[in-house]
Amino acid sequence: METLANLESFVRSAESGSFSAAARRLGLTPAAVSRNVAFLERNLGVRLFARSTRGLTLTEAGERFRLSVQSGLDSIQEAIADIKMNAGEPAGVLKLSAAPGFGMDFLLPLMPAFLERYPGVIPDWVFDSRPLDLIAGGFDAAIGAGFDLPPGMVARELAQIHLIAVASPALLRGKRHPKDPTGLAEFPSVVLRSPLTGRVRTQVMRNKSGLEVTAKQQAVMLVNDPDALCRAVVLGLGIGLIPVSHATSHLENGSLVRLLPNWYGDVGAISLYFTSQKLLPAKTRAFIDFVVEAFKVQKLPQVLATH
């Protein structure tokens, strides 16, 4: 069996076309890299490189051998690096981002159990409703919706975000409830403006049968934050189309009433965003696994669903 050093010397020399460049990458001398490759050629009984004053060129056999072993070598090195990186307990500052309302209602309550399990991790929370540049901001992970995915980032869906029509009991007193989304136009509305574009989004609502109808709203106030939207609706300033995550506690205590119980707006998923690198730091991997498991155990996707 060939040693890892011989195989690595061959692959890195093939990538760079030079024993010297491979040596700098591997922290060896050019003579040591050349010797390792020579041992490999001797043991295989085949010439892998054609050597000249201009550098190294793979032979036909060398190219076939490189294609066969390179991916396996990379996997072995990743496994070794993973063991070294994650051998200890997760620790260090973990920079996180989340929308204020969702973060405080659903993520902060998870922190006591998380910190009890991983006392060496220090969560550094940034609560902001705007999608952030996660890589430029140095974030380890973020929870939210509507993030652009730059190269190097991935998203793992946690739950679907649905909007529902709600109003305060005082606003509805003595009035007939609307029968479908077009009837919302008969009431004053607090409307959400996009914090990024400044535009008001036309919301389409659907019922359990799949019928889709545009929600008509008569705006008496516009806000650029879903938390402000919810507070304004609770104050009776108008009806609002707000996320289930914001409405749940108010529906339970009676400060809001749901309109159109068979209708909802679908605005996409709330997801966990993190770097796509295979070897995540132990603190980041621990947080991702913890949040995903907590959502599953606490059945938060069902809690956040319209039904």
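The structure we're discussing is the one just above.
Note that the coordinates shown come from a computational prediction; the quantities given were computed from them, not determined experimentally.

Q: Outline the overall build of the chain, supporting the account with residue identities and numerical values.
A: The number of helices and strands found in the chain is 11 helices and 13 strands. Principal-axis analysis of the C-alpha atoms gives the chain an extent of 95 × 40 × 30 Å. Taken over 307 residues, the chain has a buried fraction of 41%. For the chain, the computed accessible surface area is about 16500 Å², with 54% contributed by carbon and sulfur atoms.

Q: How would you summarise the environment of valine 267 if you had to cite specific residues and measurements?
A: Counting through the fold element by element, valine 267 comes out in strand β13 (residues 263-275). The class for valine 267 is partly exposed, based on a relative accessible area of 29%. In sequence terms valine 267 and leucine 163 are 104 residues apart; their C-alpha atoms lie 7.3 Å from each other. Valine 267 has contacts with Ile161, Leu163, Arg201 and Gln203, leaving out every residue within four places of it along the chain.

Q: Account for the packing of helix α1 (residues 4-16) against helix α2 (residues 19-26), naming residues and giving values.
A: One can describe the packing of α1 onto α2 by two numbers: an axis separation of 8 Å at closest approach and a directional angle of 120°. Here α1 is positioned oblique relative to α2, judged by the angle of their axes. Two packed elements cross with a definite hand, and for α1 against α2 that hand is right-handed. Seen from α1, the contacting residues are Glu8, Ser9, Arg12, Ser13, Glu15 and Ser16; seen from α2, they are Phe19, Ala21, Ala22, Arg25 and Leu26. Tallied by class, residues from the contact of α1 with α2 come to four nonpolar, three polar and four charged.

Q: Give me the lowdown on the packing of aromatic side chains, citing residues and values where you can.
A: Enumeration over the complete set of coordinates arrives at 10 aromatic pairs. Between tryptophan 125 and phenylalanine 127, the ring centres sit 5.5 Å apart and the planes meet at 5°, which makes this aromatic pair stacked. Exposure remark for tryptophan 125: the relative accessible area of 16% places this residue in the buried category. A centroid spacing of 6.1 Å and a plane angle of 70° characterise the contact between tryptophan 125 and phenylalanine 287, whose relative ring orientation is edge-to-face. Of this pair, tryptophan 125 sits in strand β4 (residues 121-127) while phenylalanine 287 sits in helix α10 (residues 282-297), and the two are 162 residues apart along the sequence. Here the aromatic cluster, defined as three or more aromatic residues joined through ring pairs, consists of Phe114, Tyr118, Trp125, Phe127, Phe287 and Phe290. Directly above the aromatic system of phenylalanine 139 lies the positively charged group of lysine 95, at a separation of 4.7 Å from the ring centroid.

Q: Break down the layout of surface pockets for me, citing the residues and quoting the values.
A: The volume enclosed by the second largest pocket comes to roughly 200 Å³. Of all the secondary structure elements, the ones that give two or more residues to the lining of the second largest pocket are α5 (100-107), α8 (226-234) and α9 (244-253). Per-element accounting of the lining of the second largest pocket gives the leading share, four residues, to α5. Here the residues of the lining of the second largest pocket sort into three nonpolar, four polar and three charged.

Q: Can you lay out the nonpolar core for me, pointing to particular residues and giving the numbers?
A: Core analysis: the largest hydrophobic core is formed by 31 residues, its most contacted members being Ile143, Leu272 and Phe287. What phenylalanine 287 contacts, discounting residues up to four positions off in sequence, is Leu94, Leu96, Met111, Phe114, Trp125, Ala141, Ile143 and Leu272.

Q: Requested: an account of the side chain of serine 97, with residues and values cited.
A: Tracing the sequence through the fold places serine 97 in strand β3 (residues 92-98). Classification of serine 97 as buried rests on a relative accessible area of 1%.

Q: Break down the pairing of β13 for me, with residues and values.
A: Two strands pair when backbone bridges link them, and strand β5 (residues 141-144) and β13 are joined in this way by four bridges, in the antiparallel orientation. Considered in β13, the bridge of alanine 142 is made with tyrosine 273. Here strand β6 (residues 153-167) runs beside β13; their pairing, made up of nine bridges, is antiparallel. Across the sheet, residue methionine 153 finds its bridge partner in β13, namely threonine 275. Of the pairings in the sheet, the one linking strand β8 (residues 204-207) to β13 comprises three bridges and is antiparallel in character. Paired with asparagine 207 across the two strands is tryptophan 263, which belongs to β13.

Q: Go over the pattern of salt bridges, please, and point to the residues and values.
A: Throughout the structure, instances matching the rule amount to eight salt bridges. The closest approach of N and O atoms between arginine 25 and glutamate 15, which form a salt bridge, is 2.7 Å. Separated by 10 residues along the polypeptide, arginine 25 in helix α2 and glutamate 15 in helix α1 bring together distant segments of the chain. Given the relative accessible area of 36%, glutamate 15 is considered partly exposed. Here glutamate 41 and arginine 51 are joined by a salt bridge, their closest N and O atoms 2.8 Å apart. One end of the pair, glutamate 41, is in helix α3 (residues 30-44); the other, arginine 51, is in strand β1 (residues 49-52), and 10 residues separate them in sequence. The network of salt bridges with common partners includes Arg12, Glu15 and Arg25.

Q: Just give me the short version of α9, but keep the residues and values in it.
A: Each full turn of the α-helix corresponds to 3.6 residues, which orients residues three or four apart in the same direction. For α9, every residue scored as buried is listed here: Val244, Ser245, His246 and Ala247. Glycine 254 lies just past α9 and shows a positive phi near 85°.

Scoring rules and cut-offs
- Residues numbered from 1 in each chain as written.
- Predicted model: local features only at pLDDT ≥ 70, side-chain atom pairs only at ≥ 80, totals over all residues.
- Heavy atoms only, no water.
- Helix = DSSP H or I, 4+ residues; strand = E, 2+ residues; numbered from the N terminus.
- Buried < 20%, exposed > 50% of the residue type's maximum accessible area, 1.4 Å probe, protein only.
- Areas by Shrake-Rupley, 256 points an atom, 1.4 Å probe, with all protein chains shown as cover.
- Contact = heavy atoms within 4.5 Å.
- Axes fitted to C-alpha atoms, helices over the stretch in contact; angles between N-to-C directions.
- Parallel < 35°, antiparallel > 145°, perpendicular 65-115°, else oblique.
- Left-handed = near helix turned anticlockwise from the far one by under 90°.
- Nonpolar A, V, L, I, M, F, W, Y, C, P; charged D, E, K, R; others polar.
- Phe/Tyr/Trp six-rings, centres within 6.5 Å; stacked < 30°, edge-to-face > 60°.
- Lys NZ or Arg CZ within 6 Å of the ring centre and 35° of its normal.
- 1 Å grid on protein atoms, 1.4 Å probe; cavity = no way out; pocket = protein on both sides within 12 Å on 5 of 7 lines; lining within 4 Å.
- Points joined across faces, edges and corners; volume = space filled by probe spheres on them.
- Core = buried A, V, L, I, M, F, W, Y, C linked by side-chain atoms within 4.5 Å.
- Pairing = 2+ DSSP bridges.
- Salt bridge = Lys/Arg side-chain N within 4 Å of Asp/Glu carboxyl O.

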